[in-house]
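Listed here are the chains, written in short residue letters.
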Amino acid sequence: MSENTRTAIELVDTYAAHNYSPLPVVVTEASGAWLTDVDGRRYLDCLAAYSALNFGHGNPTFIDVAKRQLDRLTLTSRAAHSDWLGPFAQKLARLAGKDMVLPMNTGAEAVETAIKVARKWGHQVKGLPQDRGEIIAMHGNFHGRTTTIISFSDDETARADFGPYSPGFRLADFGDVESLRQAITPETVAVLLEPIQGEAGIIVPPAGYLREVRELTRRNNVLLICDEVQTGMGRTGTTFRFQAEDIDPDIITVGKALGAGIVPLSAVIADREILGLLRPGEHGSTFGGNPLACAIGSAVCDVLATGEYQRRSTGLGERLHAGLEALVGHGVTAARGAGLWAGVDIDPAIGTAKDVSLDLLDHGILVKDTHGQTLRFAPPLVITEDEIDLIVREFRAVLEQRLTRHA
Ligand SMILES: *Cc1c(COP(=O)(O)O)cnc(C)c1O
């Protein structure tokens, strides 16, 4: 480790809370799919800031929009209108085939908002008495870090010592319709799920699952909330993952890449009969729907409406998955995913996913472990075929070194 890197990391360790365990690299610049560290070393970015950078670092389309908007107007708060919220909301609603949008900033806030609006629907439309109504989430879920959201997490690290927890949640097994059927009661207001579980290790449910969940929730007068914060915005080959099974959720949460990796921007998308229930004062955010974020978000919607990035994700994703699947049996026990999103299980005999990610960093590939034995590959969708091949080649080299060492 260089002196530059060591000094920078020491400063972070001394003055910033240790609520993350970052890779030992200090990035100072980036372009497209490539990062440069303080020593001038380059790394291929295979995390894309947890898919917040689907459109790549420094994408000129969005940087130009941001620069122009910075000179005009950055914030009004919702006390006044800006000329960007309307166009942004219209474009995002149309992209999802819904009536309305509620803009927030972070993914967790979008999920919190969806929970509030679903509960309001439960009381005002479904007719449940006050303080009744339950939301069913899934084992292995990840929806953010707020006190309410961690209340229905089953990840002990995320949860332990942070109680008392918010009531009103119950868990079902992800990918198992029968488990969900048993969890639904007359007081269920909504089912909340990630169409593919991200933090849990890119867990893809069985084909037909989302469609069955949609039918089951509809029959029971229960809302379906799809959290597309990580699966959305082209990551899995379609604009939203729920489109892979051609379903129509009641509520969609989006975030991460919606702000093009420039600003935090999230949203709840739903029809008027749901989002229209909110009245002034019942929900809000000082920065939610600010003109800078909305100008960028509008440009993101415009780009997604062309389908260009979804096509890239599908085509390049096939190449990535073929490359990774060929490694099964060579230090890898399983590979799965959709579009440019892959979870790869490392054979415990050669080390942990974190060990392998550190080796890959030495080989110029930045990738992060999730949940012990799984590596998550989520490169920006601007990545090229040659760069995909480079990932697979370097990954194979790292695995072979470890296999030899552990033979
Ligand atoms: C990242 C993520 C969130 C939380 O987003 P933040 O912007 O970190 O609050 C919520 N849901 C899913 C599915 C996510 O991947």
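Because the structure is a prediction, the values reported are computed rather than measured.

Peer 1: Please provide a residue-by-residue account of the site of the ligand, values included.
Peer 2: By nearness alone, every residue bordering the ligand is listed as Thr-106, Gly-107, Ala-108, Phe-142, His-143, Gly-144, Glu-194, Asp-227, Val-229, Gln-230 and Lys-256. The separation between an oxygen atom of the ligand and a polar main-chain atom of Ala-108 is 2.8 Å. Within the side chain of Gln-230, an N or O atom sits 2.7 Å from an oxygen atom of the ligand. Burial of the ligand by the surrounding chains reaches 81%, relative to a free accessible area of 380 Å². Here the ligand occupies the largest pocket.

Peer 1: Any details on helix α3 (residues 60–72)? Residues and values, ideally.
Peer 2: Taking 1.5 Å of rise per residue, 13 residues should cover 18 Å, and α3 covers 18 Å from first to last C-alpha, within 8% of that figure. Within the sequence span of α3, burial applies to Phe-62, Val-65, Ala-66 and Gln-69. Projected down its long axis, α3 carries its buried residues within an arc of 100°, all on one side. In this structure, α3 carries Pro-60, Lys-67, Arg-68 and Asp-71 as exposed residues pointing more than 90 degrees from its buried face. Packing partners of the buried residues in α3 comprise α11 (291–306). Put simply, Asn-59 is the residue that caps the front of α3, since its side-chain oxygen is 3.0 Å from the backbone nitrogen of Thr-61.

Peer 1: Any chance you could break down the packing of aromatic side chains for me, citing the residues and the numbers?
Peer 2: In the structure shown here, the tally under the stated rule is six aromatic pairs. Ring centres of Phe-55 and Tyr-309 lie 5.0 Å apart, and the angle between their planes is 80°; this geometry places the pair in the edge-to-face category. Here Phe-55, found in the loop between α2 (48–51) and α3, pairs with Tyr-309, found in helix α12 (residues 308–325); they are 254 residues apart in sequence, far enough to count as distant. Its relative accessible area of 2% is what places Phe-55 among the buried residues. Arranged with centres 5.3 Å apart and planes meeting at 10°, the rings of Phe-240 and Phe-242 form a pair that is stacked.

Peer 1: With reference to specific residues and values, describe the pattern of salt bridges.
Peer 2: Per the counting criterion, the structure on display carries 15 salt bridges. A single network of salt bridges, built from pairs that share partners, joins Lys-98, Asp-248 and Asp-271.

Peer 1: Go over the layout of surface pockets with me, naming the residues and quoting the values.
Peer 2: Here the largest pocket is characterised by a volume of approximately 1300 Å³. Secondary structure elements with two or more residues in the lining of the largest pocket: α2, α5 (107–124), α6 (147–151), α7 (156–159) and β14 (368–370). Grouping the constituent residues of the lining of the largest pocket by class yields 16 nonpolar, 16 polar and 11 charged. Counting contributing residues per domain, the lining of the largest pocket is built from domain 1 (60–306) and domain 2 (309–381), each supplying no fewer than three. Here the second largest pocket defines a volume of roughly 490 Å³. Top contributing element to the lining of the second largest pocket by residue count: strand β4 (residues 100–104), with five residues. Grouping the constituent residues of the lining of the second largest pocket by class yields 10 nonpolar, five polar and three charged.

Peer 1: Just give me the short version of the domain arrangement of the chain, but keep the residues and values in it.
Peer 2: Each domain of the chain was delimited in the assignment, giving domain 1 (60–306) and domain 2 (309–381). Centre-to-centre, using C-alpha coordinates, domain 1 lies 27 Å away from domain 2. Contact residues are listed per partner, giving 22 residues for domain 1 and 21 residues for domain 2. Summing both sides of the interface, domain 1 and domain 2 together bury roughly 1600 Å²; the carbon and sulfur share of this comes to 55%. Considering only the surface of domain 1 that becomes buried against domain 2, Glu-199, Ile-202 and Arg-235 emerge as the three largest contributors, covering 40% of it. Linking domain 1 with domain 2 are one salt bridge. Here Arg-376 ties to Glu-199 by a salt bridge, and the two come within 2.8 Å at their closest N and O atoms. Put simply, domain 1 and domain 2 have 17 residue pairs in polar contact (both at pLDDT 80 or more) between them. Partitioned by chemical class, the residues of the side of domain 1 that touches domain 2 number eight nonpolar, 10 polar and four charged.

What counts and how
- Residues numbered from 1 in each chain as written.
- Predicted model: local features only at pLDDT ≥ 70, side-chain atom pairs only at ≥ 80, totals over all residues.
- Heavy atoms only, no water.
- Near = heavy atom within 4 Å.
- Polar contact = N/O pair within 3.5 Å; in protein donor to acceptor, adjacent residues only side chain to side chain.
- Areas by Shrake-Rupley, 256 points an atom, 1.4 Å probe, with all protein chains shown as cover.
- 1 Å grid on protein atoms, 1.4 Å probe; cavity = no way out; pocket = protein on both sides within 12 Å on 5 of 7 lines; lining within 4 Å.
- Sits in = over half its atoms within 2 Å of the grid points.
- Helix = DSSP H or I, 4+ residues; strand = E, 2+ residues; numbered from the N terminus.
- Expected span 1.5 Å × (residues − 1).
- Buried < 20%, exposed > 50% of the residue type's maximum accessible area, 1.4 Å probe, protein only.
- Arc of directions from axis to C-beta.
- Contact = heavy atoms within 4.5 Å.
- Phe/Tyr/Trp six-rings, centres within 6.5 Å; stacked < 30°, edge-to-face > 60°.
- Salt bridge = Lys/Arg side-chain N within 4 Å of Asp/Glu carboxyl O.
- Points joined across faces, edges and corners; volume = space filled by probe spheres on them.
- Nonpolar A, V, L, I, M, F, W, Y, C, P; charged D, E, K, R; others polar.
- Domains from an automatic or database assignment.
- Buried area = accessible area lost by both parts, 1.4 Å probe.

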